[in-house]
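Below are the chains, spelled out letter by letter.
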Amino acid sequence: GVSRETLVDLARKLGAARAPVFKVGIGLGRHSHGAASVRAICCLAGVLGAYEKLGGGVLYDAGCEFKPNLDAVKRPDWLERPARWLNMTDLGTALTEWQDPPVKLLYVHGSNPAATAPLQARVHAGLARDDLFTVVHERFLTDTARFADLVLPATTFVESSDLYKSYGHLYFQYAKRAMEPPGECRANLDLVQALGMALGFKDPWFDRSVEELVREV
């Protein structure tokens, strides 16, 4: 539905730009031809020579607009020894191949790897292991939750206070919860703090409120 005149005008403006930059929003990729659309934009920037010009190119979500102090939440100072880590796209490999030692406990929150992680057959095989204890903290009975030994009810975003960064604009926002969580639903922070106290940890961190941690972050 875009007119020929509009397309020609856009092409001329792009061609004349000193350092054309395309800001690609996350919504663009969330349809059946999303990958092709983003690829086309990347190619267009290449044709324009945008990548070799300072300030030009394609920006998706650099994640560098905000500098929160995440150590206040992650607490790296508590690590007694280096921990293994992996990119979640390698979950299938970790669940089926790691042997020194193998993964025996999987705690999943804010994700649905049975439906989204690569090498899906391997992910499913790993989740189906009899010797893997899987806990899923969720709001819905997702594909991953169906593999779980234990499903814990989570809150929705309107039932828990939190910090929100954007996918494009330059605001870092704090949003208070709009309603109390129903039933036994808990936010991630509440669950981790309660688990820590049940395990006997005495650090004051386990009593801190969302508001206190927000100020530290």
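This report concerns the structure included in the present document. In this text the structure is predicted, and so the values were computed from the model without any measurement.

Overview of the overall build of the protein
Turning to step 1, where the next piece is worked out: Helix and strand counts for the protein come out as eight helices and seven strands.
Turning to step 2, where the next piece is worked out: Considering the protein as a whole, with its 217 residues, one finds that 24% of them fall into the buried category.
Turning to step 3, where the next piece is worked out: The long-range share in the protein, meaning contacts at least 24 apart out of those at least 6 apart in sequence, stands at 53%.
Turning to step 4, where the next piece is worked out: For the protein, the exposed area adds up to about 15,200 Å²; of that, 58% sits on carbon and sulfur atoms.

Some words on the environment of P182
Turning to step 1, where the next piece is worked out: Structurally, P182 can be placed in the loop between β7 (173–175) and α7 (188–198).
Turning to step 2, where the next piece is worked out: The class for P182 is partly exposed, based on a relative accessible area of 41%.
Turning to step 3, where the next piece is worked out: Along the sequence, P182 and A154 sit 28 residues apart, while their C-alpha atoms lie 9.6 Å from each other.

Here we look at the sheet that holds strand β5 (residues 150–153)
Within a beta sheet, neighbouring strands are joined by backbone hydrogen bonds and run either parallel or antiparallel to one another.
Turning to step 1, where the next piece is worked out: An order of β3-β4-β5 is seen for the three strands of this open sheet, with the pairing classed as parallel. Each edge of the sheet is formed by a strand with only one pairing partner; in this case those strands are β3 (105–109) and β5. Each strand of the sheet is rotated relative to its neighbour by a mean of 15°, with strand direction disregarded.
Turning to step 2, where the next piece is worked out: As paired elements, β3 and strand β4 (residues 133–138) share five bridges and run parallel to each other. Counterpart to V108 in the pairing with β4 is V136.

A look at unusual backbone geometry
Turning to step 1, where the next piece is worked out: Of note, the amide linkage connecting D100 to P101 takes the cis form, showing an omega dihedral of -5°.
Turning to step 2, where the next piece is worked out: Relative to the elements of secondary structure, P101 occurs in the loop between α4 (91–97) and β3.
Turning to step 3, where the next piece is worked out: The backbone phi angle of R75 is positive, close to 50°, even though this residue is not glycine.
Turning to step 4, where the next piece is worked out: Here R75 is to be found in the loop between α3 (71–74) and α4.
Turning to step 5, where the next piece is worked out: For R75, a relative accessible area of 15% puts it in the buried group.
Turning to step 6, where the next piece is worked out: If you check the backbone angles, L119 has positive phi at about 55° while not being a glycine.
Turning to step 7, where the next piece is worked out: In this fold, L119 is placed in the loop between α5 (113–116) and α6 (120–127).

Observations concerning the pattern of salt bridges
Turning to step 1, where the next piece is worked out: Within this structure, the stated rule accounts for six salt bridges.
Turning to step 2, where the next piece is worked out: Among the salt bridges present, the one from D131 reaches R129, with a minimum N-O distance of 2.9 Å.

Conventions we followed
Residues numbered from 1 in each chain as written. Predicted model: local features only at pLDDT ≥ 70, side-chain atom pairs only at ≥ 80, totals over all residues. Heavy atoms only, no water. Helix = DSSP H or I, 4+ residues; strand = E, 2+ residues; numbered from the N terminus. Buried < 20%, exposed > 50% of the residue type's maximum accessible area, 1.4 Å probe, protein only. Contact = heavy atoms within 4.5 Å. Areas by Shrake-Rupley, 256 points an atom, 1.4 Å probe, with all protein chains shown as cover. Pairing = 2+ DSSP bridges. Axes fitted to C-alpha atoms, helices over the stretch in contact; angles between N-to-C directions. Salt bridge = Lys/Arg side-chain N within 4 Å of Asp/Glu carboxyl O.

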